[in-house]
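Here is how the chains run, residue by residue.
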Amino acid sequence: MSFKDKVVWITGASSGIGAALAREFAGRGAKVILSGRDKARLTAAADNLGTEALTLPFDVRDDAALADATRQAIDWQGGVDIAVANAGVSQRSAALKTDMQVYRDIIEIDLTQQIAFAQGLIGHMAERGSGRLVFISSIAGKVGVPMRTAYCAAKFGLIGYADSLRGELSRDGVEVHVVCPGSVATDVSRNALTADGSKRGKSDKAIDEGIPADEAAKTMVDAIALNQREIIIARGMEEAMGQMRQTPDQLFDQIAAMVAAGYIEKMEAEG
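Structural notes, computed from the coordinates. (Residues numbered from 1 in each chain as written. Predicted model: local features only at pLDDT ≥ 70, side-chain atom pairs only at ≥ 80, totals over all residues. Heavy atoms only, no water.)

A few words on the pairing of strand β1 (residues 7-10). Neither face of β1 is open: one carries V7 and W9, the other V8 and I10, and all of them are buried. Here β1 pairs with strand β2 (residues 31-36) via 4 bridges, running parallel. In the sheet register, V8 faces β2, and the bridge partner there is V32. Regarding the hand of the β-α-β motif, the stretch spanning β1, helix α1 (residues 16-27) and β2 is right-handed. (Buried < 20%, exposed > 50% of the residue type's maximum accessible area, 1.4 Å probe, protein only. Helix = DSSP H or I, 4+ residues; strand = E, 2+ residues; numbered from the N terminus. Pairing = 2+ DSSP bridges. Right-handed = clockwise from strand over helix to strand, strands pointing away.)

The structure is reproduced here in structure tokens:
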């Protein structure tokens, strides 16, 4: 598949995987729409793409702003060819200590509003008879990982929505891709919510030593070009975990062994 002159709209595009995807698509000739909350960072990211680009800053939780951005995105070049639901926030807190509001916030950002983003575009794509929806889930959307109960709930749900949507749109020329990254070297851990909803403010070894964002983005776009429906971007144990989801008893035992070996205590000690 060629991406030349395709219009690609990416949420969470000011940094990390989103910004890396913007660079990758732009490098393949696409026209890119970047969305996120930080207008200045979006502008800086767009200025370095070397392609036609539009910035649409908004908070993904603002339904009116999302609807307005959707209209602008469609009107910009006459349609959106590829939409990447990438906006999200992670978690680093044990369930026994986590405020219920943290669950509400993470599920709203990572699941409900990603669905809202897609729902605003599926009619447009189905009417045109073409389009691609890309949902950035996680290995934590296939495997229940300690210290991320809210995050896993949202990312599992996102895969369920995408899988169901894929079937519904299969006759309308709309393709649905689910991307499940493992540890990618971004600020995801620093920005993760803790038990009281505050930002963690520090990274962790797995993330710091993770796959470089540009490398992950290239692998994702290569897989989308090949029309792969579920795309795992991970290494080592994380990759194996994603593949093992089809034999859950073995995987559940492995997770229990991680907890028995002190995983939660280690994460809590790191702050």
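Next, the rest of the story.
Considering the arrangement of structural elements, one finds S203 in the loop between β7 (184-185) and α6 (205-208). Its relative accessible area of 14% is what places S203 among the buried residues.

Take the packing of aromatic side chains next. Inspection of every chain in the model, using the stated rule, returns 3 aromatic pairs. Consider the rings of F135 and Y161, whose centres lie 5.7 Å apart with planes at 85 degrees: the pair is edge-to-face. Pair noted here: F135 is in strand β5 (residues 131-136) and Y161 is in helix α5 (residues 149-168), with a separation of 26 residues, a long-range link. Accessibility expressed as a relative area gives 15% for Y161, which makes it buried. (Phe/Tyr/Trp six-rings, centres within 6.5 Å; stacked < 30°, edge-to-face > 60°.)

Trans is the common state for peptide bonds, and a negative phi is the common state for residues other than glycine. Positive phi is not limited to glycine here, since D5 has a value of about 65 degrees. Positionally, D5 belongs in the segment before β1. Residue class for D5 comes out partly exposed when judged on its relative accessible area of 45%. One non-glycine residue with positive phi stands out, namely N227, at about 65 degrees. Among the structural elements, N227 can be located in the loop between α7 (213-225) and β9 (230-233). What makes N227 partly exposed here is its relative accessible area of 31%.

What follows deals with the side chain of S35. Here S35 is to be found in strand β2. Among all residues touching S35, those that are not within four sequence positions of it are W9, I10, T11, G12, A13, L42, L56 and F58. (Contact = heavy atoms within 4.5 Å.)

Turning to the pairing of β2, a few remarks are in order. The buried count for β2 comes to 6 of 6 residues, which makes it a mostly enclosed element. Neither face of β2 is left uncovered, since the one carrying K31, I33 and S35 and the one carrying V32, L34 and G36 both have all their residues buried. Pairing analysis gives 5 bridges linking β2 to strand β3 (residues 53-57), with the strands arranged parallel. Looking at β3, one finds that V32 is bridged to A53. What joins β2 to β3 is helix α2 (residues 39-47), and the crossover it makes is right-handed.

On to the sheet that holds β3. What the 7 strands build is an open sheet, ordered β3-β2-β1-β4-β5-β6-β9; its pairing is parallel. In this open sheet, the two edge strands, each paired with only one partner strand, are β3 and β9. Neighbour-to-neighbour, the strand axes of the sheet open up by a mean angle of 15 degrees, direction not taken into account. Relative to strand β6 (residues 174-181), β5 runs parallel, the two sharing 6 bridges. Note on β6: the bridge partner recorded for L133 is V176. The strands that α2 touches are β2 and β3; relative to β3, the one it contacts most, it runs at about 170 degrees. (Axes fitted to C-alpha atoms, helices over the stretch in contact; angles between N-to-C directions.)

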